[in-house]
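Understanding the architecture of this molecule
This is what each chain is made of:
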Amino acid sequence: MKDRKLSKKIREIPIPDYDEDAFLRTLSAAKAADLHPERQRVTKAEFFAGQVHFISKKVWALKLLLTGLLLLGILETELRFDSSAWPLISVTAPILCLVNVNELCHICRPGMREILQTARYSLREQLLVRLLLFGGLDGAVCLAGAFLASGVTAGLFWQAILYFAAPFSVMCAGCMAVLGRCRDENALWYCTAWGGFLVVVINMLRSTSIPVYETDRVFAWGITAALGMAVTIREINRLLKYMGGNYHEINYGTADKTV
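In this report, the structure presented in the accompanying data block is examined. Note that this is a predicted model, so its numbers are computed, not measured.

Checked against the element boundaries, Ser90 lands in helix H5 (residues 85-108). A polar contact of 3.0 Å, which involves the side chain of Ser90, links it to the backbone oxygen of Tyr163. Leave out the neighbours within four places in its chain, and Ser90 touches Tyr163, Pro167, Ile202, Tyr213 and Trp221.

Pasting the structure below:
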């Protein structure tokens, strides 16, 4: 009964006659419109630049504050050869790296992974953008600090870079290893503990009779920096592999798995 009443109501609805001319005019207007949706997609350059806005303002503020304190501390030493600029550079490096890890831990959390993987670019690419941004900025901070601390002396300039690069690379190696194996809320605490351990070790070596900042110790700093960079590259590659898109997840598993 209800079906018959519904059919009757439908038949009573007036249906306008088919206007072929109107249809052709619509097609002509659509062809004349210069619409190319494929051109509106975000390019890789736009994606790279856009990721800057997604990084927490707190991260940028902390990095700016640490950079300012480092440069002011170096200037306060009056650029003397026997100044305390070297330990200041060495201690600041792990802290700068820890600021970066705070952002990386945020996007590596399992809860964020599902959200970020709905974007066109994979989580692996989003993570890589942040690594490149932070690496470039911290490299600039290293160069600026070394330039001031060395008093524009070539030999001391490379020496200052090693004093920054060695603890920074060791800190990065430890943090990347943690991120590659622990993606819960404790990852940041583990990285913080690792950074605190490095800062304590640097201060302990400075307070002892071991002349860690003497010229003849530069080779040891260089070896430490090289080893730290090698481990960092290996751990970043491992992390990126497990933070990849669907292709990587099929072959290696999801980012939620402990690797």
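We are not done yet, so read on.
This part takes up the packing of aromatic side chains. In this description, a pair of aromatic rings is defined by centroid distance and the angle of the planes. Inspection of every chain in the model, using the stated rule, returns six aromatic pairs. Centre to centre, the rings of Tyr163 and Trp221 are 4.9 Å apart; their planes meet at 75°, and the pair counts as edge-to-face. Placement of the pair is Tyr163 in helix H8 (residues 154-181) and Trp221 in helix H10 (residues 218-242), with a sequence separation of 58 residues. Just as Tyr163 is buried, Trp221 falls in that class too. Ring centres of Trp194 and Phe197 lie 5.7 Å apart, and the angle between their planes is 25°; on these two criteria the pair is classed as stacked. Of the two residues, Trp194 and Phe197 both sit in helix H9 (residues 187-207), three residues apart, roughly one turn of that helix. With relative accessibility at 47%, the residue Phe197 sits in the partly exposed group.

So, about a negative patch on the surface. Taken together, Asp17, Asp19, Glu20 and Asp21 make up a surface patch of like negative charges. With respect to the helices and strands, the residue Asp17 is situated in the loop between helix H1 (2-12) and helix H2 (20-32).

All right, on to the packing of helix H4 (residues 57-76) against helix H7 (residues 123-149) then. The contact between H4 and H7 brings their axes to 9 Å, and the two run at 15°. Here H7 runs roughly parallel to H4, going by the angle between their axes. For the element pair H4 and H7, the recorded crossing hand is right-handed. Seen from H4, the contacting residues are Val59, Trp60, Lys63, Thr67, Leu70, Leu71, Ile74 and Leu75; seen from H7, they are Phe134, Leu137, Asp138, Val141, Ala144, Gly145, Leu148 and Ala149. Split into classes, the residues belonging to the contact of H4 with H7 amount to 12 nonpolar, two polar and two charged.

Looking now at the pattern of salt bridges. Applying the stated criterion to the full structure yields three salt bridges. Arg130 is the partner of Glu103 in a salt bridge, and the nearest nitrogen-oxygen pair spans 3.2 Å. Residue Glu103 is found in helix H5, and its partner Arg130 is found in helix H7; the two are separated by 27 residues along the sequence. Residue Arg130 is classed as buried on the basis of its relative accessible area of 3%. Among the ionic pairs, Glu235 bridges to Arg234, the shortest N-O distance being 2.9 Å.

We now examine the layout of surface pockets. What the largest pocket holds in volume is close to 540 Å³. If you trace the largest pocket, you find 23 residues lining it, with Gly135, Phe168, Cys172, Thr232 and Ile236 closest to the centre. Elements with a minimum of two residues in the lining of the largest pocket: H5, H7, H8 and H10. Along the lines of polarity and charge, the residues of the lining of the largest pocket split into 17 nonpolar, five polar and one charged. Here the second largest pocket defines a volume of roughly 330 Å³. Counting residues per element, the ones that place at least two in the lining of the second largest pocket are H8, H9 and H10. Tallying contributions element by element places H9 first for the lining of the second largest pocket, with four residues. In the lining of the second largest pocket, the residues fall into 11 nonpolar, one polar and one charged.

A few words now on the nonpolar core. Residues Trp86, Ile89, Leu104, Leu127, Phe164, Leu179 and Tyr213 are the most contacted members of the largest nonpolar core, which totals 53 residues. Elements with a contribution of two residues or more to this core: H4, H5, H7, H8, H9 and H10. The dominant element in this core, judged by the number of residues it contributes, is H8, at 14 residues. Dropping the residues within four chain positions of it, Ile89 is found in contact with Leu70, Ile74, Gly145, Ala149, Ala160, Tyr163 and Phe164.

Procedures and definitions
- Residues numbered from 1 in each chain as written.
- Predicted model: local features only at pLDDT ≥ 70, side-chain atom pairs only at ≥ 80, totals over all residues.
- Heavy atoms only, no water.
- Helix = DSSP H or I, 4+ residues; strand = E, 2+ residues; numbered from the N terminus.
- Polar contact = N/O pair within 3.5 Å; in protein donor to acceptor, adjacent residues only side chain to side chain.
- Contact = heavy atoms within 4.5 Å.
- Phe/Tyr/Trp six-rings, centres within 6.5 Å; stacked < 30°, edge-to-face > 60°.
- Buried < 20%, exposed > 50% of the residue type's maximum accessible area, 1.4 Å probe, protein only.
- Patch = residues over 30% accessible without salt bridge, like charges linked within 9 Å, V, L, I, M, F, W, Y side chains within 5 Å.
- Areas by Shrake-Rupley, 256 points an atom, 1.4 Å probe, with all protein chains shown as cover.
- Salt bridge = Lys/Arg side-chain N within 4 Å of Asp/Glu carboxyl O.
- Lys, Arg positive; Asp, Glu negative; His and termini not counted.
- Charge placed at Lys NZ, Arg CZ, Asp CG, Glu CD.
- Axes fitted to C-alpha atoms, helices over the stretch in contact; angles between N-to-C directions.
- Parallel < 35°, antiparallel > 145°, perpendicular 65-115°, else oblique.
- Left-handed = near helix turned anticlockwise from the far one by under 90°.
- Nonpolar A, V, L, I, M, F, W, Y, C, P; charged D, E, K, R; others polar.
- 1 Å grid on protein atoms, 1.4 Å probe; cavity = no way out; pocket = protein on both sides within 12 Å on 5 of 7 lines; lining within 4 Å.
- Points joined across faces, edges and corners; volume = space filled by probe spheres on them.
- Core = buried A, V, L, I, M, F, W, Y, C linked by side-chain atoms within 4.5 Å.

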